[in-house]
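So the chains spell out like this:
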Amino acid sequence: MSQSDTYIPHETAMQQAWRFMLGNTRRLNTAQGNAVSVCDAGKLNTGPGPDFRDARLRIDGDEWVGCVEMHRHASDWHRHGHDGDAAYRNVILHVVGCDDCRITREDGTEIPQAVMRVAPGFVEMFNGLLNEPHYVLPMCGRSLPAVADIFKTDWLTALAFERMQRKADDVAAILRATAGDWLQTAFVTLARGLGFGVNADNMERMARSVPYKILLRHSDDLDAVEAILFGQAGLLDTASPADAHEAQLVNEYRFYAHKYGLTPIDNPVWQTNARNMANTPWRRIALLARLVCRHGSDLGSILSENTDIEFFRSVMNIDMSDYWAYAFAFGRTGGSRMAALGRQSRDLLIINVLAPLIYCRGLASGRPELLDGAIRLWERVDGERNSITRGFEEHGIPADNAFTSQALIQLHRGYCERRRCPDCRLGHRILSSFVSLGDR
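Predicted model, so just to flag it, every value in this text is computed and none were measured.

Some words on the overall build of the protein
Here is step 1: Looking only at helices and strands, the protein has 17 helices and ten strands in total.
Here is step 2: The C-alpha radius of gyration computed for the protein amounts to 30 Å, which surpasses the reference 22 Å derived for 440 residues by more than 25%, pointing to a less compact arrangement than a globule.
Here is step 3: Judged by the C-alpha coordinates and their principal axes, the protein covers about 95 × 45 × 40 Å.
Here is step 4: Within the protein, residue pairs in contact and separated by at least 24 positions form 63% of the contacts whose partners lie at least 6 positions apart.
Here is step 5: Counting only carbon and sulfur atoms, one obtains 46% of the accessible surface of the protein, whose full area is about 20400 Å².
Here is step 6: In the protein, the 49 positive side-chain charges and the 54 negative ones have mean positions that sit 3 Å from each other.

Quick word on the packing of aromatic side chains
To describe a pair of aromatic rings, you give the distance between the ring centres and the angle between the ring planes.
Here is step 1: Per the counting criterion, the structure on display carries 14 aromatic pairs.
Here is step 2: Between Phe255 and Tyr256, the ring centres sit 5.2 Å apart and the planes meet at 70°, which makes this aromatic pair edge-to-face.
Here is step 3: Judged by relative accessible area, Phe255 falls into the exposed class, the value being 51%.
Here is step 4: Taken together, the aromatic side chains of Phe20, Phe122, Phe126 and Phe434 make up a single cluster linked through ring pairs.
Here is step 5: Across the ring face of Phe151, the terminal group of Arg429 is positioned such that the distance to the ring centre comes to 3.5 Å.

Some words on the side chain of Thr389
Here is step 1: In this structure, Thr389 sits in helix H15 (residues 387–393).
Here is step 2: Here Thr389 is in contact with Glu384, Ile397, Ala399 and Ser405, once residues within four sequence places are set aside.

Quick look at the confidence of the model for the protein
Here is step 1: Confidence in the prediction of the protein, expressed as mean pLDDT, is 92, and 97% of residues score 70 or more.
Here is step 2: For the protein, strand E10 (residues 435–437) is the element with the lowest average pLDDT, namely 79, and helix H8 (residues 222–233) is the one with the highest, namely 98.
Here is step 3: Note that residues 1–5 has pLDDT below 50 and, in this model, twelve contacts with residues that lie over four places away or in other chains.

Looking at the pattern of salt bridges
Here is step 1: According to the stated counting rule, one finds 21 salt bridges in the structure shown.
Here is step 2: Between Lys152 and Asp149 there is a salt bridge; the shortest N-O distance is 3.8 Å. Within this pair, Lys152 and its partner Asp149 are both found in helix H4 (residues 149–177), separated by three residues, close to a single helical turn.
Here is step 3: Residue classification places Asp149 among the exposed positions, given a relative accessible area of 55%.
Here is step 4: Here Glu369 and Arg367 are joined by a salt bridge, their closest N and O atoms 3.0 Å apart.

Structural notes on helix H12 (residues 309–316)
Here is step 1: For H12, the full list of buried residues reads Ile309, Phe312, Arg313, Val315 and Met316. For H12, the angular spread of buried residues about the axis comes to 155°, placing them on one side.
Here is step 2: The inward-facing, buried residues of H12 contact helix H5 (182–194), helix H10 (281–295), helix H11 (299–304), helix H13 (343–365) and helix H14 (368–380).
Here is step 3: Where H12 begins, the side chain of Asp308 points an oxygen toward the backbone nitrogen of Glu310, at a separation of 3.1 Å.

Some details on the environment of His82
Here is step 1: Tracing the backbone shows His82 in the loop between helix H2 (76–79) and strand E6 (91–98).
Here is step 2: Along the sequence, His82 and Gly49 sit 33 residues apart, while their C-alpha atoms lie 9.0 Å from each other.
Here is step 3: Setting aside residues no more than four positions away along its own chain, His82 makes contact with Glu69, His71, Trp77 and Tyr88.

Some thoughts on the packing of helix H1 (residues 11–19) against helix H3 (residues 122–130)
Here is step 1: Contact geometry of H1 with H3 gives a least axis separation of 10 Å together with a crossing angle of 60°. By the angle between their directions, the pair H1 and H3 is classed as oblique. Of the two possible hands of crossing, H1 and H3 adopt the one that is left-handed. Counted together, Ala13, Gln16 and Ala17 of H1 and Phe122, Val123 and Phe126 of H3 form the full contact between these two elements.
Here is step 2: In the contact of H1 with H3, the residues fall into five nonpolar, one polar and no charged.

Focus on unusual backbone geometry
Here is step 1: We note that Asp60 has phi near 50°; this positive angle belongs to a residue other than glycine.
Here is step 2: By the element assignment, Asp60 lies in the loop between strand E4 (52–59) and strand E5 (62–73).
Here is step 3: Notably, Asn267 is not glycine yet its phi reads approximately 45°, a positive angle.
Here is step 4: Looking at the element boundaries, Asn267 is found in the loop between helix H9 (244–260) and H10.

Let's talk about the nonpolar core
Here is step 1: Trp18, Phe122, Leu229, Phe230 and Leu411 are the most contacted members of the largest nonpolar core, which totals 141 residues.
Here is step 2: Listed in part, the six residues of the second largest apolar core include Cys67, Val91, Ile103 and Ile111.

Description of H10
Here is step 1: Helix length check: H10, at 15 residues, gives a terminal C-alpha distance of 21 Å against a target of 21 Å (1.5 Å per residue), a fit within 8%.
Here is step 2: Within H10, twelve of the 15 residues are buried, which leaves the element mostly enclosed by the surrounding structure.
Here is step 3: What H10 keeps buried is the set Pro281, Trp282, Arg283, Arg284, Ile285, Ala286, Leu287, Leu288, Ala289, Leu291, Val292 and His295.
Here is step 4: Directly after H10, the chain includes Gly296, whose backbone phi takes a positive value near 50°.

A closer look at the pairing of strand E2 (residues 35–40)
Here is step 1: Bridge analysis of strand E1 (residues 27–29) against E2 gives three bridges, and the strand direction is antiparallel. When the bridges of E2 are listed, Arg27 appears paired with Ser37.
Here is step 2: In sequence, E1 turns back onto E2 through a hairpin of five residues, with Gly33 there showing a positive phi of about 90°.
Here is step 3: The pairing of E2 with E4 spans four bridges and is classified as antiparallel. Looking at the pairing, Ser37 lines up with Arg58 of E4.

Reading guide: rules and limits
Residues numbered from 1 in each chain as written. Predicted model: local features only at pLDDT ≥ 70, side-chain atom pairs only at ≥ 80, totals over all residues. Heavy atoms only, no water. Helix = DSSP H or I, 4+ residues; strand = E, 2+ residues; numbered from the N terminus. Rg over C-alpha atoms; globule rule 2.2 N^0.38 Å. Contact = heavy atoms within 4.5 Å. Areas by Shrake-Rupley, 256 points an atom, 1.4 Å probe, with all protein chains shown as cover. Lys, Arg positive; Asp, Glu negative; His and termini not counted. Charge placed at Lys NZ, Arg CZ, Asp CG, Glu CD. Phe/Tyr/Trp six-rings, centres within 6.5 Å; stacked < 30°, edge-to-face > 60°. Buried < 20%, exposed > 50% of the residue type's maximum accessible area, 1.4 Å probe, protein only. Lys NZ or Arg CZ within 6 Å of the ring centre and 35° of its normal. pLDDT = per-residue confidence, 0-100. Salt bridge = Lys/Arg side-chain N within 4 Å of Asp/Glu carboxyl O. Arc of directions from axis to C-beta. Polar contact = N/O pair within 3.5 Å; in protein donor to acceptor, adjacent residues only side chain to side chain. Axes fitted to C-alpha atoms, helices over the stretch in contact; angles between N-to-C directions. Parallel < 35°, antiparallel > 145°, perpendicular 65-115°, else oblique. Left-handed = near helix turned anticlockwise from the far one by under 90°. Nonpolar A, V, L, I, M, F, W, Y, C, P; charged D, E, K, R; others polar. Core = buried A, V, L, I, M, F, W, Y, C linked by side-chain atoms within 4.5 Å. Expected span 1.5 Å × (residues − 1). Pairing = 2+ DSSP bridges.

See the structure below:
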């Protein structure tokens, strides 16, 4: 850290540096030559009294619990009248910008004192990352090239595993809700994945609303499975069907709804992108019905134990029925035959459905080969191209595979959007370059 020796930081800058343990604040040496390890920086005090309460430090091997006070000059202790204030009797460390005197307690013992140096640009950088109202993500982009690649790689690896664990936790929640039924869990997770973000919640609700065992009973009859799924999704016009196919499904759904006591999901709001009619909710539900009829009871093992990426791609490279090969909604057709799923969509299912199901299965069954297989799937799939990954690529972090792109999405959503820069290893390192404590 380069700065003028005469620069003395403001207390607010020192407080933020201590609060987030920037620089070498975890382990430091005091002006008296004492080795200090910070176990807990304490809680920032916004009222009267010392700056931090309930800090835990180890000073020369002894553990101390108390307050930490900060001043630009050590002599400010006397100038502010702390030597006669009982609220400051529990100070166990005095952090200063200028070590111009020593401070003692009422009994004459000296309070450990450490010098903090904060570069002049720290406040601007800190405020720019955490408080700037108008920003382009990532906010630290201009500073990222200065961070060594090894630190980026280490953090992105941790973030990718963090994201995989979060996705596996979502699968585990479905598994608990289905009383450990892996087949139902795989069906619900696949349905959600086929929602591709905008319709994911409704697809999941629809899949949860019908037991998979009911669909299995009719897996040899595509119309029956379509009728049940479209009916549960609330996508059948019972009053005025658009064409003969919808009219047939309406009649079949009425029969099965009565037979099995089925009730459509409440108030679904389905989204349709006019620029991509192949991805309408009608076609995705029709594809789901096709997969149920094609794979039946094998669907669970295909989705939660198969780590063969090409096999999965072949499973998802399925032809639509003659009706849905041309239709994007009931009674509405395009001019040419539409594929069920493109390569990019199949890869998104690998990222968001196959890998998390396999990882969750590996955790639940204690099978490390499934954990490794799930990670390898991400490593073998191309990274997503979106505004998040492009933002990082512009600053030297390309997403060559899904392992990296998922890490960047986790970084963006878990840290950048929430302004958790001091908790991010990259942000922490950038901010730490402005801070030095205890180096005399």
